[in-house]
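Analysis of the macromolecular model
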Amino acid sequence: MLDELLAAWISRQRWFGGKGRPIDDLSIDADVELAAGLRHLIVAVWQDGSRDRYQLLLGERDDLPERLSHALIGTQDATYLYDAVHDSDLMHVLLEGMAADGTRNGLRMRHVPGHTVDTSPRSLVLGAEQSNTSLVFGDAYICKLFRRLIPGVNPELEIITALADRNAPHIAQPYGWIEADLDGTDTTLAIMQEFLTPANDGWDLALASVRDLYASLPEVPAGEAGGDFAAEALRLGIATARVHHELAAAFPTSIVEIHEVKRMAEGLRRRLGRAVAEVPELRPHVSAIEAAYHQVELLTTEVPVQRVHGDFHLGQVMRTPTDWVILDFEGEPGQPLAERRALSSPLRDVAGMLRSFDYAARHLLLGHSEAERLEPRAQEWADRNRAAFLDGYTEGGGVINAADAALLRAFELSKAVYEVVYEARNRPAWMPIPLAAFRPRAA
Ligand SMILES: Nc1ncnc2c1ncn2[C@@H]1O[C@H](COP(=O)(O)OP(=O)(O)O)[C@@H](O)[C@H]1O
Ligand SMILES: O=P(O)(O)O[C@H]1O[C@H](CO)[C@@H](O[C@H]2O[C@H](CO)[C@@H](O)[C@H](O)[C@H]2O)[C@H](O)[C@H]1O
């Protein structure tokens, strides 16, 4: 039975969100043909009484060539069924569909008006650890196929098309997308963007810099070590401010009035409560965190809000030869779409990146035999790059007032709380990194 084959296979996929929990049931909600030998499926996976839906591209062949053997799902009636994302002949159907604005059995493949899609490149699946599957077409495009589907237009598509319309800097040009109706709502299934090459991920670049600092003997100040990152952190701050400016211009903005600011603090506290219930390691830090949230309640100024990135960290930015590009405007993973699209303070993104400098500095200390000696170096690297990023943010036109310090601190702590939960669920060995954010700081 196809559903049984799929249930056994899906539980082994790295993008499957329910790993480690038994699948109670898998049903096929939609199964349409996109081309000969290519089917598009939406499956519902039931676990512990809750349902998640995933999209699959199923290839069918009478013979499976060696190059596709790793993609095998199983056989049915002497036909090989396999994960078609690995078959560049079949993925070409999607590229051609987007180029031609084709609709096939309810799947609408679209290109961004005013842009021609080159259909010559062949696809490869990107090897990165991802919760989705990305296809790279030659060195022209990267097409992200969302695996877990949430009804609605993906905020990433909404944001990059609006920013591209304004010729905004620091984004990867969108070229196309695929959509279909899910529960009667237009739902984004895939987004295709400019493939940045050559380019490096901000996280890798930051780690290279930290590695250089740790290796420098005799110890020299971070600013004098080879591979100092501060100039990059500054440019990243400038790019962040510019993108915030563009987001504020492209979408509605608003103000959280002083009497409503209290509610923001309540929101932070609710999240903290949920996190502590899940991860007991947070318990000793609750009163210090709450004290920081209380400072938000004492604010006497209103808080400007706008569309933001929502999950901003060094892994979401890429350095091209000319500048930083910001990716993945999808909002905080796991949150409902309405929350991911809600207006928020841009300081949340600033806080996200500040936390990320801390992560980069401390990541290499995990399990390091000289962690104690290197700890002050980590702090020095983080402080230097955090400060440079903030300088860049202001230089790029971003606003951080004196009164914002309390908000920024609260957002940083809230992000660290989120991270503790994220690490507890996904990479428990990394938990010491966000937990270090709750250590008392020198005044
Ligand atoms: N436009 C792009 N050009 C080049 N590489 C990209 C591009 N978009 C994403 N990537 C690469 O893919 C990785 C994962 O992409 P991302 O959009 O963050 O996926 P996910 O949401 O699944 O984490 C990035 O870290 C980067 O290495
Ligand atoms: O998968 P996403 O990029 O949407 O984000 C999730 O995973 C991130 C981990 O890759 C996680 O980020 C945390 O780890 C990063 C290093 O791997 C670090 O740069 C970030 O500062 C830290 O928050 C992110 O929080 C999560 O949403």
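Look a little higher up for the structure.
Here the structure is a predicted model, which means the values were calculated and not measured. (Residues numbered from 1 in each chain as written. Chains lettered and ligands numbered in written order. Predicted model: local features only at pLDDT ≥ 70, side-chain atom pairs only at ≥ 80, totals over all residues. Heavy atoms only, no water.)

**Let's talk about unusual backbone geometry**
- The omega torsion across Thr-197 and Pro-198 is -5°, close enough to zero to call that bond cis.
- Inspection of the secondary structure assignment puts Pro-198 in the loop between β13 (185-194) and β14 (200-201).
- In this model, Asp-77 sits at a positive phi of 50°, which is unusual for a non-glycine residue.
- Along the polypeptide, Asp-77 turns up in the loop between β4 (72-76) and β5 (79-83).
- Overall, the relative accessible area of 74% leaves Asp-77 in the exposed class.
- Positive phi is not limited to glycine here, since Asp-328 has a value of about 65°.
- Relative to the assigned elements, Asp-328 resides in the loop between β18 (324-326) and α8 (337-341). (Helix = DSSP H or I, 4+ residues; strand = E, 2+ residues; numbered from the N terminus. Buried < 20%, exposed > 50% of the residue type's maximum accessible area, 1.4 Å probe, protein only.)

**Quick word on the packing of aromatic side chains**
- What the rule picks out here adds up to 12 aromatic pairs.
- On the basis of an interplanar angle of 75° and a centroid distance of 6.3 Å, the ring pair of Phe-229 and Trp-324 is categorised as edge-to-face. Placement of Phe-229 in the loop between α4 (202-215) and α5 (230-250) and of Trp-324 in strand β18 is noted, with a sequence separation of 95 residues between them. There is no split in this pair, since Phe-229 and Trp-324 are both buried.
- Members of the aromatic cluster, each reached through a chain of ring pairs, are Phe-229, Trp-324, Phe-357, Trp-381 and Phe-389.
- When the ring centre of Phe-251 is taken as reference, the NZ or CZ atom of Arg-307 above it lies at 5.0 Å.
- Above the face of the Trp-430 ring, Arg-427 is positioned so that its terminal group lies 3.6 Å from the ring centre. (Phe/Tyr/Trp six-rings, centres within 6.5 Å; stacked < 30°, edge-to-face > 60°. Lys NZ or Arg CZ within 6 Å of the ring centre and 35° of its normal.)

Keep in mind these numbers describe shape, not what the thing actually does.
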